[in-house]
Amino acid sequence: KEVIAPKKKAKEPCEEEVAQMKAMQKQIKEMNDTELPQLAAERDQLLSRIGNLVDPEVPISKDEDQDNLVVAVQPAPVEAESPEFKLPCPLGILQYTPPTTPETKKYLTHDDLLWRIGGYEPVRGQQVAGHRGYFL
């Protein structure tokens with residue numbers, strides 16, 4: 001385009017450039033049909049050798065309940081006032097009562113929890129996406 005268009009506007013001969021462009025297009029089509037699937041398969045095979053990259057600080061364990069440390073619980077449960085409730089502690093040992101709504105004494109739903117931490121915007125989401133839309 002950058003070579004052929006100016007030559008055509010100037011009414012100069014450009015048959016050589018047009019032939020070169022057509023040869024390139026043919027070469028690209030052949031590569032897409034033959035080489036590309038082979039290269040994609042080779043890429044996928046090599047990518048399958050790469051595992052999940054894990055931060056060096058992540059503990060290696062066979063029992064997540066015993067080795068995962070709970071550092072904080074929000075909102076603080078009633079049990080946090082007792083001397084036995086100490087953080088950080090392993091997840092398997094941690095015993096506490098999840099928060100409930102004051103009116104119904106039922107456990108909070110995910111949108112109630114999001115609302116409490118300011119991570120939920122239902123009005124803006126409904127304005128953008130319509131009924132049942134929300135932003136996190």
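Below, the structure is looked at part by part. (Residues numbered from 1 in each chain as written. Predicted model: local features only at pLDDT ≥ 70, side-chain atom pairs only at ≥ 80, totals over all residues. Heavy atoms only, no water.)

Digging into the overall build of the protein chain
Our working rule: Secondary structure elements follow DSSP: runs of H or I of four or more residues count as helices, runs of E of two or more count as strands, with numbering from the N terminus. The rule is simple: take the accessible area with a 1.4 Å probe, protein chains only, and divide by the maximum for that residue type; under 20% is buried, over 50% is exposed, in between is partly exposed. A contact between two residues is defined here by any heavy atoms of the two lying within 4.5 Å.
In terms of helices and strands, the protein chain carries 5 helices and 2 strands. Going from N to C terminus, the protein chain has its helices and strands arranged as α-α-α-β-β-α-α. In terms of its C-alpha atoms, the protein chain occupies a principal-axis envelope of roughly 90 × 45 × 20 Å. When the 136 residues of the protein chain are sorted by exposure, 12% land in the buried category. Put simply, 13% of the contacts in the protein chain that link residues at least 6 apart link residues at least 24 apart.

Re the nonpolar core
In plain terms, the rule: The definition of a nonpolar core used throughout is a set of buried Ala, Val, Leu, Ile, Met, Phe, Trp, Tyr and Cys residues joined through side-chain atoms within 4.5 Å.
Core analysis: the largest hydrophobic core is formed by 5 residues, namely Val70, Val73, Phe85, Cys89 and Leu94. When near neighbours in sequence (up to four residues on either side) are disregarded, Val70 contacts Leu87, Pro88, Cys89, Leu91 and Leu94.

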